[in-house]
Structure formats: C-alpha cells, structure tokens
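Per-entry structural report
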Amino acid sequence: MACLMESSVPLQSYKEAAEWILAHTDQRPRIAVICGSGLGTLAETLENKTVIPYEDIPHFPSSTVPGHAGRLVFGLLNGKQCVCMQGRFHIYEGYSMSTVAFPVRVFSLLGVDTLIVTNAAGGINSNYSVGDIMFIKDHINMPGFCGQNPLRGPNEDGFGVRFPCMSDAYDQHLRHLAMDCTQELGLQDIVQEGIYCMLGGPSYETIAECNMLKLLGVDAVGMSTVPEVITGRHCRMHILGISLITNMAILSYNSTAHANHQEVLQTSQLRAAALIALLTNLVGKM
Ligand SMILES: O=P(O)(O)O[C@H]1O[C@H](CO)[C@@H](O)[C@H]1O
Ligand code: HPA
C-alpha cells in the first residue's frame, strides 16, 4: 500500500548540512542566536567571524524577507563562541514548519545547547510602548490549533521524544539572567515579560483579530519564533526568547495607523544597539 503520510525533512539532510558546516569552520559554539527582522546587526559585532551564506549549505532554505540577510555568522561574542542566524525563515514564505526550524536541528548536531531567539512583534498589551523589549515567558502556537507543528510527521527519536513537554519552553534561569543584564545596562524601564502569539502571516492582523488576541491574554504578536522554539525544546535546548515591540497592534476602529514592515525595520534599527548590548552582556554571563 502506498504511504499516505506527508514527508517531513529527512534525517540525512540535517546530517549533511551539519557535516558540511563542520568541515567549513573550526568554531564549535554552544550558543546560537536567531536574529529577527532588522536585528541581524548583532552578527556584525562578532569577532573572528566565519560567514557562511545559506545557499552554500546543503539543504538549507533561502531567506526571502527584507531585513533577513541569509547568512550564518560564527564568531566570538564577549569571548564566547556563538553562531548567529542573520535571517530566519517563515511559514508565509511557503516553508513548512519543519523547514522553518531546519537550522535548529542542524545546530543541535553541531553541539549547540542554548538558543536565543529574537523577533520583531506587534504590541497587543496596552501598557507596552514601541521600542519595549519583551522577554517571552510563554507562547501560543496559533497555527498549531490547525495541526501545524514542526514536529508533525514521524518522530526523530535521535532528537527527542514523540510528545515533548512545552510548559517549560522558556528557560526561567536564562530569563532572570537577562533581566539582571537589563538592570545593569539601565534598560529596566523598557523591559517587559509576556506571552508571544504566532500567527501565519503575511497579512497583519485585523482589528477584530487583535482584540481577540488581547482577550486571550496575548502580549505580543508575530509570525515566527514558535517553530524554532518547539524544535529546540524537542532536542532539550535551553531557550531565551526576546521580542522587540516594533509597532503597536491596532485595536480601535478610530485608529488611522497602518501596520507596515518599514516601521518594523525602523524600530529594529533604533533598538539594535540596546539589544546588542543586552545580548553581549548576557552571553558573557552564560
Ligand atoms: O518575527 P520576525 O522574523 O522578527 O519578523 C516579524 O516582522 C515581519 C513583519 O513585519 C514578520 O516576519 C514578523 O514575524
Ligand atoms: O504587528 C505585527 N503583527 C504580526 N507580526 C509582526 N511583526 C512585527 N510587527 C507585527
């Protein structure tokens, strides 16, 4: 009988990508950073860099979104070896959740055990302001309600268990360490802790959708992060999630504002220095 199961990414593809990377750099980082929209400048600050364009790596997807350069950057951040993804993948680009999270399993094969995931997000919580930095304490996988999950398909037991727990997805210790860093850097007035909700995009939310998210207790909304976090937790990585509130979601029919990617990139640029300082300080303490 023909197999009716959807195919997910073959194990061999992760292995071939990892082997190729291992052959092209001597660096063996345990920390990976995924840079959100417009936040890739962090990677420029690494010392002793090895830069690998995604298109050179076997089976790696390509970045198609403005503000996502499409390169892996290995190097030292505050003396610690790191690998940064300068550009991530999204389901709205046409990728499956498992393809979006492909790099995370490759990182796991490289020996990464800590994943810092950043993103640009719209503020739903009315106490938030544009430019706030939100540490993610939990997420809602909205596409997951319709069956979209990066772990869909046969389980790869070598990475993790069939039914991974997600109640501890975001590492409390890392979050507290990051909070301490914001105090040291005088950023405490722009720091929040909240719940991130992933929607599929690429259209921004309607006013009714934003109000629904507010009712659900969501603090910030975006179109990413959740696939990488679920995949990272599946292979037992420690995860820190950071959302930069790049715009406020539109909750009122009286508003004349319009969500747009230019504003997202502009706010990312404005806060890039603060986020770089935060991550540099944090990685030094890890
Ligand atoms: O989540 P990141 O990739 O940071 O980007 C966010 O910004 C884009 C929309 O402006 C979407 O891609 C959304 O997910
Ligand atoms: O308002 C938003 N909605 C969804 N994704 C986003 N990414 C940045 N801002 C937003």
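Residues numbered from 1 in each chain as written. Chains lettered and ligands numbered in written order. Predicted model: local features only at pLDDT ≥ 70, side-chain atom pairs only at ≥ 80, totals over all residues. Heavy atoms only, no water.

**Some remarks on the site of ligand 1**
- Ligand 1 sits among 13 residues. The nearest are His90, Tyr92, Tyr204, Ser224 and His261.
- One nitrogen or oxygen atom from the side chain of Arg88 is found 3.1 Å from an oxygen atom belonging to ligand 1.
- In isolation ligand 1 offers 340 Å² of accessible surface; the protein chains occlude 96% of this area.
- Elements that contribute at least two residues to the shell around ligand 1 include exactly strand S5 (114-123) and helix H8 (261-285). (Near = heavy atom within 4 Å. Polar contact = N/O pair within 3.5 Å; in protein donor to acceptor, adjacent residues only side chain to side chain. Areas by Shrake-Rupley, 256 points an atom, 1.4 Å probe, with all protein chains shown as cover. Helix = DSSP H or I, 4+ residues; strand = E, 2+ residues; numbered from the N terminus.)

**Quick look at unusual backbone geometry**
- Backbone torsion omega between Gly201 and Pro202 reads 0°, so that peptide bond is classified as cis.
- Residue His59 is not a glycine yet carries a positive backbone phi of 70°.
- Looking at the secondary structure, you find His59 in the loop between strand S2 (47-53) and strand S3 (71-77).
- Positive phi outside glycine occurs at Thr225, with the angle close to 75°.
- For Thr225, the position within the fold is in the loop between strand S8 (220-222) and helix H7 (226-234).

**Observations regarding the site of ligand 2**
- Close contacts around ligand 2 come from Ala120, Ala121, Gly122, Tyr204, Glu205, Val221, Gly222, Met223, Thr246, Asn247 and Val264, and that covers them all.
- Here Ala120 contributes a backbone N or O atom positioned 3.3 Å from a nitrogen atom of ligand 2.
- In the environment of ligand 2, a nitrogen atom lies 3.3 Å from a nitrogen or oxygen atom belonging to the backbone of Gly122.
- Considered on its own, ligand 2 offers 260 Å² of accessible surface; in the complex 94% of this is hidden by protein.
- Among the elements of the structure, S5, S8 and strand S9 (238-248) are those that each provide at least two residues to the shell around ligand 2.
- The leading source of residues in the shell around ligand 2 is S5, at three residues.
- For the shell around ligand 2, a count of residues per class yields six nonpolar, four polar and one charged. (Nonpolar A, V, L, I, M, F, W, Y, C, P; charged D, E, K, R; others polar.)

**What to know about the nonpolar core**
- Counting 45 residues, the largest nonpolar core has Leu72, Phe107, Leu115 and Met237 as the members making the most contacts within it.
- The biggest single contributor to this core is helix H4 (residues 102-110), with five residues.
- Contact partners of Met237, with chain neighbours within four places excluded, come to Val104, Phe107, Ser108, Val112, Asp113, Leu115 and Gly232.
- Phe135, Leu240, Ile276 and Val283 belong to the second-largest nonpolar core, a separate cluster that totals 31 residues. (Core = buried A, V, L, I, M, F, W, Y, C linked by side-chain atoms within 4.5 Å. Buried < 20%, exposed > 50% of the residue type's maximum accessible area, 1.4 Å probe, protein only. Contact = heavy atoms within 4.5 Å.)

**With respect to the packing of aromatic side chains**
- Under the criterion given, the structure shown has seven aromatic pairs.
- On the basis of an interplanar angle of 75° and a centroid distance of 5.4 Å, the ring pair of Tyr14 and Phe159 is categorised as edge-to-face. A residue pair is termed long-range when its members are at least 10 positions apart, and Tyr14 in helix H1 (residues 11-24) and Phe159 in the loop between strand S6 (133-141) and helix H5 (172-184) qualify at 145 residues. Grouping residues by exposure puts Tyr14 and Phe159 together as buried.
- The interplanar angle of 55° and the centroid separation of 5.3 Å between the aromatic rings of Tyr54 and Phe89 together place this pair among those described as tilted. Of this pair, Tyr54 sits in the loop between S2 and S3 while Phe89 sits in the loop between strand S4 (80-86) and helix H3 (97-100), placing them 35 residues apart in sequence. (Phe/Tyr/Trp six-rings, centres within 6.5 Å; stacked < 30°, edge-to-face > 60°.)

**Some details on H8**
- Relative to the 36 Å expected for 25 residues at 1.5 Å per residue, H8 spans 33 Å between its end C-alpha atoms, a close match to the ideal helical length.
- Where H8 is concerned, the buried positions are Val264, Thr267, Ser268, Ala272, Ala274, Leu275, Ile276, Leu278, Leu279, Asn281, Leu282 and Val283.
- Taking the backbone nitrogen of Gln262 as reference, a side-chain oxygen 3.3 Å away marks Asn260 as the first, capping residue of H8. (Expected span 1.5 Å × (residues − 1).)

**Description of the pattern of salt bridges**
- Within this structure, the stated rule accounts for six salt bridges.
- Salt-bridge contacts for Asp113 lead to Arg30; the nearest nitrogen and oxygen are separated by 2.4 Å. Here the residue Asp113 occupies a position in the loop between H4 and S5, and Arg30 occupies one in the loop between H1 and strand S1 (31-35), the gap between them amounting to 83 residues.
- In this structure Asp113 comes out as partly exposed when scored by relative accessible area, which is 23%.
- Between Glu193 and Arg175 there is a salt bridge whose closest N-O contact spans 2.9 Å. Taken together, the residues Glu193 in strand S7 (residues 191-198) and Arg175 in helix H5 connect sequence positions 18 residues apart.
- By relative accessible area, Glu193 is classed as partly exposed at 31%.
- For Arg175, a relative accessible area of 7% translates into the label buried. (Salt bridge = Lys/Arg side-chain N within 4 Å of Asp/Glu carboxyl O.)

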